[in-house]
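Structural features, examined
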Amino acid sequence: MPSPASSSAALPVAHAALRTLIVLNWLAGAAILALLVLMPNAHWIMAAFKLSPSPDAARLVTGLRAVAVLGLAAIPLHYVVLKRLLAIVETVRAGDPFVAANASRLQTIGWVLVALQLLSIVIGAIGKAVSTPAHPLHLDAGFSISGWLAVLLTFLLARVFAEGTIMREDLEGTV
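Residues numbered from 1 in each chain as written. Predicted model: local features only at pLDDT ≥ 70, side-chain atom pairs only at ≥ 80, totals over all residues. Heavy atoms only, no water.

**What about the packing of helix H4 (residues 100-130) against helix H5 (residues 145-174)?**
- H5 packs onto H4 with a crossing angle of 170 degrees between their chain directions and a minimal axis gap of 8 Å. Classified by the interaxial angle, the pair formed by H4 and H5 is roughly antiparallel.
- Here the residues of the contact of H4 with H5 are counted per class, giving 17 nonpolar, 7 polar and no charged. (Axes fitted to C-alpha atoms, helices over the stretch in contact; angles between N-to-C directions. Helix = DSSP H or I, 4+ residues; strand = E, 2+ residues; numbered from the N terminus. Parallel < 35°, antiparallel > 145°, perpendicular 65-115°, else oblique. Nonpolar A, V, L, I, M, F, W, Y, C, P; charged D, E, K, R; others polar.)

Here it is in structure tokens:
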């Protein structure tokens, strides 16, 4: 039987933060899309980065566009994570977090985090490929030990929630 929701201040804060992050995520997506659609002019990009026309500069512009497209692809992935976290917070607020749906949500979050880590590696590789000594491009992307640990932790928590659900159902069946 579900217990009453905790009086912890963390739950309303987490709920509000996740709702805010969902909106900010879509706004970031709109900003990236605007950059891709409204400002496709290579001369504008070169001027913004103070680049002189050269093969290196053209390659850098192409790389930046590719990174923007991949950034756009990350928006729905972030949305999936945020919506599932919000649903988990809702079950905690209701006092019933150990349900099969939360284990499934965490499993989905784990797979999305894998996809985001792989996307980060691709973005980092693009950055290294187009960066030159004359035009260095420093992106906060690539392999992240913390990111991969988060993936492992998420899959582990999914299993913990699945086991907790089974244990709770067994307990309810014996009482």
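**What to know about the side chain of Thr-165**
- Mapped onto the elements of the fold, Thr-165 is located in helix H5.
- Among residues more than four places away in sequence, those in contact with Thr-165 are Phe-98, Val-99 and Ala-100. (Contact = heavy atoms within 4.5 Å.)

**Structural notes on the pattern of salt bridges**
- Scanning the model with the defined rule gives 3 salt bridges in all.
- Here Arg-168 ties to Asp-96 by a salt bridge, and the two come within 2.2 Å at their closest N and O atoms. Within this pair, whereas Arg-168 is found in helix H5, its partner Asp-96 is found in the loop between helix H3 (55-93) and H4, the two being separated by 72 residues in sequence.
- Note on Arg-168: relative accessible area 24%, which makes it partly exposed.
- In this structure, Arg-159 and Glu-163 form a salt bridge, with 2.3 Å as the shortest nitrogen-oxygen distance. On the criterion of helical spacing, the pair formed by Arg-159 and Glu-163 is a turn pair, its members being 4 residues apart in helix H5. (Salt bridge = Lys/Arg side-chain N within 4 Å of Asp/Glu carboxyl O. Buried < 20%, exposed > 50% of the residue type's maximum accessible area, 1.4 Å probe, protein only.)

**With respect to the packing of helix H1 (residues 10-38) against H3**
- Viewed as axis vectors pointing N to C, H1 and H3 meet at an angle of 165 degrees, and their least axial separation amounts to 9 Å. With respect to their mutual orientation, H1 and H3 come out roughly antiparallel. Once H1 is placed against H3, the crossing between them reads as left-handed.
- Of the residues that constitute the contact of H1 with H3, the class distribution is 20 nonpolar, 5 polar and 5 charged. (Left-handed = near helix turned anticlockwise from the far one by under 90°.)

**Here we look at the packing of aromatic side chains**
- Here the structure, examined in full by the defined rule, presents 3 aromatic pairs.
- With a centroid separation of 5.1 Å and an interplanar angle of 50 degrees, the aromatic rings of Trp-26 and Tyr-79 are classed as tilted. Of the two residues, Trp-26 is situated in helix H1 and Tyr-79 in helix H3; the sequence distance between them amounts to 53 residues.
- We classify Trp-26 as partly exposed; its relative accessible area is 42%. (Phe/Tyr/Trp six-rings, centres within 6.5 Å; stacked < 30°, edge-to-face > 60°.)

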